[in-house]
Amino acid sequence: MNGVKQLLAAAALAAGCATTQTVIGPDGQPALLVRCPRNNSYRCTARAYRVCNPAGHQVLDDGNRLGTMITPNGYEIPNQMVFHGYIVFRCR
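These numbers were taken from a predicted model, which means no experiment stands behind them.

Asks: Give a detailed account of the pattern of salt bridges, specifying residues and quantitative values.
Replies: Per the counting criterion, the structure on display carries 2 salt bridges. We note a salt bridge from Asp27 to Arg90, for which the minimum N-O separation is 3.0 Å. Separated by 63 residues along the polypeptide, Asp27 in the loop between strand E1 (19–24) and strand E2 (30–35) and Arg90 in strand E6 (residues 86–91) bring together distant segments of the chain. In this structure Arg90 comes out as buried when scored by relative accessible area, which is 19%. Close ionic contact of Arg65 with Asp61 constitutes a salt bridge, the shortest N to O distance being 2.8 Å. Note on Arg65: relative accessible area 33%, which makes it partly exposed.

Written out as C-alpha coordinates, the structure reads:
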(Lines give C-alpha, C1' and ligand atoms only; values in the text may rest on other atoms or scores of the structure.)
Protein backbone atom coordinates (compact mmCIF):
# COMPACT_ATOMS: atom_id res chain seq x y z
CA MET A 1 0.00 0.00 0.00
CA ASN A 2 2.85 2.41 0.83
CA GLY A 3 4.43 1.80 -2.62
CA VAL A 4 1.13 2.73 -4.30
CA LYS A 5 1.01 6.03 -2.40
CA GLN A 6 4.59 6.83 -3.42
CA LEU A 7 3.83 6.00 -7.05
CA LEU A 8 0.74 8.24 -7.05
CA ALA A 9 2.70 11.08 -5.43
CA ALA A 10 5.47 10.77 -8.05
CA ALA A 11 2.90 10.80 -10.87
CA ALA A 12 1.25 13.93 -9.44
CA LEU A 13 4.61 15.71 -9.20
CA ALA A 14 5.63 14.70 -12.71
CA ALA A 15 2.43 16.12 -14.20
CA GLY A 16 3.46 19.70 -13.36
CA CYS A 17 7.16 19.45 -14.19
CA ALA A 18 9.12 21.23 -16.87
CA THR A 19 10.36 19.14 -19.81
CA THR A 20 13.94 19.15 -21.10
CA GLN A 21 15.32 18.29 -24.55
CA THR A 22 18.65 18.66 -26.35
CA VAL A 23 18.77 21.29 -29.12
CA ILE A 24 21.40 23.11 -31.17
CA GLY A 25 22.22 26.46 -29.57
CA PRO A 26 22.69 29.77 -31.41
CA ASP A 27 26.43 29.09 -31.70
CA GLY A 28 25.90 25.65 -33.31
CA GLN A 29 26.84 23.72 -30.16
CA PRO A 30 24.51 21.39 -28.20
CA ALA A 31 22.36 23.08 -25.58
CA LEU A 32 19.32 22.18 -23.49
CA LEU A 33 15.82 23.56 -23.94
CA VAL A 34 13.41 23.54 -21.01
CA ARG A 35 9.70 24.11 -21.59
CA CYS A 36 7.53 25.09 -18.65
CA PRO A 37 4.23 26.84 -17.94
CA ARG A 38 4.11 30.32 -19.49
CA ASN A 39 3.35 32.02 -16.21
CA ASN A 40 6.16 30.32 -14.28
CA SER A 41 9.72 31.00 -15.44
CA TYR A 42 10.94 29.81 -12.04
CA ARG A 43 10.26 26.18 -13.02
CA CYS A 44 12.52 26.54 -16.07
CA THR A 45 15.31 28.05 -13.99
CA ALA A 46 14.88 25.42 -11.26
CA ARG A 47 15.11 22.60 -13.82
CA ALA A 48 18.30 24.11 -15.31
CA TYR A 49 19.75 24.33 -11.80
CA ARG A 50 18.90 20.68 -11.04
CA VAL A 51 20.31 19.43 -14.37
CA CYS A 52 23.62 21.32 -14.07
CA ASN A 53 24.14 21.38 -10.30
CA PRO A 54 26.78 21.95 -8.89
CA ALA A 55 28.68 23.31 -11.90
CA GLY A 56 25.99 25.86 -12.76
CA HIS A 57 24.51 26.86 -16.10
CA GLN A 58 24.75 29.60 -18.70
CA VAL A 59 21.44 30.92 -20.06
CA LEU A 60 21.58 31.33 -23.84
CA ASP A 61 17.94 32.45 -24.28
CA ASP A 62 15.72 33.41 -21.35
CA GLY A 63 12.44 33.18 -23.30
CA ASN A 64 11.47 36.79 -22.62
CA ARG A 65 10.27 38.86 -25.56
CA LEU A 66 8.56 42.20 -25.98
CA GLY A 67 4.86 41.64 -26.34
CA THR A 68 1.43 42.63 -25.16
CA MET A 69 0.42 41.52 -21.69
CA ILE A 70 -3.26 40.94 -20.93
CA THR A 71 -4.20 41.53 -17.29
CA PRO A 72 -6.78 39.31 -15.53
CA ASN A 73 -9.39 42.06 -15.85
CA GLY A 74 -8.85 42.30 -19.64
CA TYR A 75 -6.64 45.37 -20.00
CA GLU A 76 -3.91 45.23 -22.65
CA ILE A 77 -0.46 46.55 -21.73
CA PRO A 78 1.76 46.84 -24.84
CA ASN A 79 5.57 46.68 -24.95
CA GLN A 80 6.08 44.52 -21.86
CA MET A 81 8.57 41.71 -21.40
CA VAL A 82 6.52 38.51 -21.67
CA PHE A 83 7.82 35.05 -20.77
CA HIS A 84 7.19 32.60 -23.63
CA GLY A 85 7.45 29.32 -21.73
CA TYR A 86 11.04 28.17 -22.33
CA ILE A 87 14.72 28.80 -21.67
CA VAL A 88 17.79 27.53 -23.55
CA PHE A 89 20.89 26.89 -21.46
CA ARG A 90 24.20 25.04 -21.33
CA CYS A 91 25.89 23.46 -18.33
CA ARG A 92 29.28 24.94 -17.45
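Back to the write-up after that little detour.
Asks: How would you sum up the pairing of E2? Please name residues and give values.
Replies: As paired elements, E1 and E2 share 6 bridges and run antiparallel to each other. In the sheet register, Ile24 faces E2, and the bridge partner there is Pro30. Sheet topology places E2 next to E6; 4 bridges connect them, and they run antiparallel. Note on E6: the bridge partner recorded for Leu33 is Val88.

Asks: Give a description of unusual backbone geometry that names residues and reports values.
Replies: Here the bond from Asn53 into Pro54 is cis, since omega is 5°, no more than 30 degrees from zero. Inspection of the secondary structure puts Pro54 in the loop between helix H2 (41–52) and strand E3 (57–61). One non-glycine residue, Asn79, lies in positive phi territory at about 60°. With respect to the helices and strands, the residue Asn79 is situated in strand E5 (residues 76–83).

Asks: Before we move on, could you go through the sheet that holds E1 and cite the residues and values that matter?
Replies: Taking strand neighbours across the sheet as the criterion, the 4 strands line up as E1-E2-E6-E3 in an open arrangement whose pairing is antiparallel. The sheet terminates laterally at E1 and E3, the two strands that pair on one side only. Shown here is a sheet whose adjacent strand axes are inclined to one another by a mean of 35°, direction ignored. Of the strands in this sheet, E1, E2, E3 and E6 touch H2, which is tilted by about 20° from E6.

Asks: Pulling in residues and values, what's your account of the environment of Ala46?
Replies: By the element assignment, Ala46 lies in helix H2. Judged by relative accessible area, which is 15%, Ala46 ranks as buried. Here the alpha-carbon distance between Ala46 and Ala18, two residues 28 residues apart in the chain, equals 9.1 Å.

Thresholds, definitions, all that
- Residues numbered from 1 in each chain as written.
- Predicted model: local features only at pLDDT ≥ 70, side-chain atom pairs only at ≥ 80, totals over all residues.
- Heavy atoms only, no water.
- Salt bridge = Lys/Arg side-chain N within 4 Å of Asp/Glu carboxyl O.
- Helix = DSSP H or I, 4+ residues; strand = E, 2+ residues; numbered from the N terminus.
- Buried < 20%, exposed > 50% of the residue type's maximum accessible area, 1.4 Å probe, protein only.
- Pairing = 2+ DSSP bridges.
- Axes fitted to C-alpha atoms, helices over the stretch in contact; angles between N-to-C directions.
- Contact = heavy atoms within 4.5 Å.

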